[in-house]
Amino acid sequence: MKIEDIKFEQKASQRIYTDYMKRVKKATASLSKINQDDIYMEFNSHIFEAIQYKKEANEIDALLDIIEKLGVPEEVLKPLVADKKLEQATKTFNPVHVFKALILNFTNGISYIFFFVLYLFLFGFVFLIFAKIFNPSLVGLYMKKDSFSVFVLGLINPEDQIKSQTFEVLGNWFIPVMLLSIVLFYILITLLLKLKKSINQKTLL
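### Considerations on unusual backbone geometry
Only a minority of non-glycine residues have a phi that is not negative, and only a minority of peptide bonds are not trans.
Argument step 1. Even without glycine at this site, F93 takes up a positive phi of about 60 degrees.
Argument step 2. The residue F93 is located in the loop between α5 (78-92) and α6 (95-104) in this model.

As structure tokens, this is what we get:
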């Protein structure tokens, strides 16, 4: 969808407008193309309508007054971009979008920091997979004999294993189980994040 830029009579006005709209584009660059276009169109329409309303005023003064009321794009668009990015992340389940959304929402509540920490914990499973590849005899899920309690999930040296009377229960299934755990926990955490967003929207309404 091509959005027509506003044409001004004075070159100075055109430069001011072009520079402002470039800043709007830059501030929304992390969003999807549809969201970028929607926000750009909204700002563009607002400027166009306001200029029509102030036709009798000096063009540059009218434009400067309008963009001053709209505010600095990098500041006024920050909460909107954070919300849109979170919406995109919970729809696509894309890890890149999820991390960007959480970083953008850090200032919107401690719960988003908590979610960020939960996602970071998933890297612990990734670390265990590589550790199992390089130290297959020392890494695994160890449980105490005659008990169903987990003693260690990770690395254990042979001496501690003997002393604690533990045994590795997964064997060659360790890596598949860790991969499955990563996928399941990632989906679960993202669904909780989606629920958190929907609760926030209902609270605002």
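Moving on, there is more to tell.
### What to know about the packing of helix α2 (residues 33-53) against helix α3 (residues 59-70)
Argument step 1. Closest axis-to-axis distance for the α2/α3 pair is 10 Å, and the angle between their directions is 140 degrees. Put simply, α2 runs oblique to α3. Crossing of α2 over α3 shows right-handed handedness. Contacts between α2 and α3 involve F43, H46, I47, A50 and I51 from the first element and A62, L63, I66, I67 and L70 from the second.
Argument step 2. Split by residue class, the contact of α2 with α3 holds 9 nonpolar, 1 polar and no charged.

### Observations regarding the layout of surface pockets
Argument step 1. As a volume, the largest pocket reaches approximately 220 Å³.
Argument step 2. Surrounding the largest pocket, 13 residues form its lining, F8, E9, I51, K55 and E59 being those nearest its centre.
Argument step 3. Contributing elements (two or more residues each) for the lining of the largest pocket: α2 and α3.
Argument step 4. No other element matches the 3 residues that α2 contributes to the lining of the largest pocket.
Argument step 5. Across the lining of the largest pocket, the residue classes break down as 6 nonpolar, 2 polar and 5 charged.

Cut-offs used in this document
- Chains are numbered independently. Their residues run from 1 in the order of the written sequence.
- Per-residue local features are limited, in this predicted model, to residues with pLDDT of at least 70; the limit for side-chain atom pairs, both in listing and counting, is 80 or more; totals at the level of whole chains, interfaces and linings are taken over all residues.
- In computing side-chain values, all of the structure's heavy atoms are included and hydrogens and water are not.
- Going along the chain from the N terminus, every DSSP run of H or I of four or more residues is numbered as a helix, and every run of E of two or more is numbered as a strand.
- Angles run from 0 to 180 degrees between N-to-C directions of axes, and those axes are lines fitted to C-alpha atoms, restricted for helices to the stretch in contact.
- Oblique is the label for every angle not falling under 35 degrees (roughly parallel), over 145 degrees (roughly antiparallel), or within 65 to 115 degrees (roughly perpendicular).
- Put simply, a crossing is left-handed when the front helix is turned counterclockwise from the back one by less than a right angle, and right-handed when it is turned clockwise.
- We call two residues in contact whenever any of their non-hydrogen atoms come within 4.5 Å of each other.
- Side-chain classes follow a simple rule in which Ala, Val, Leu, Ile, Met, Phe, Trp, Tyr, Cys and Pro form the nonpolar group, Asp, Glu, Lys and Arg form the charged group, and the remainder, Gly included, forms the polar group.
- With a 1 Å grid spanning the protein atoms alone, the term cavity applies to any set of points in which a 1.4 Å probe fits but cannot get out, the term pocket to an open set with protein on both sides within 12 Å along at least five of seven lines, and the term lining residue to any residue with an atom within 4 Å of a point.
- Grid points are joined across faces, edges and corners, and a volume is the space filled by probe spheres set on the points.

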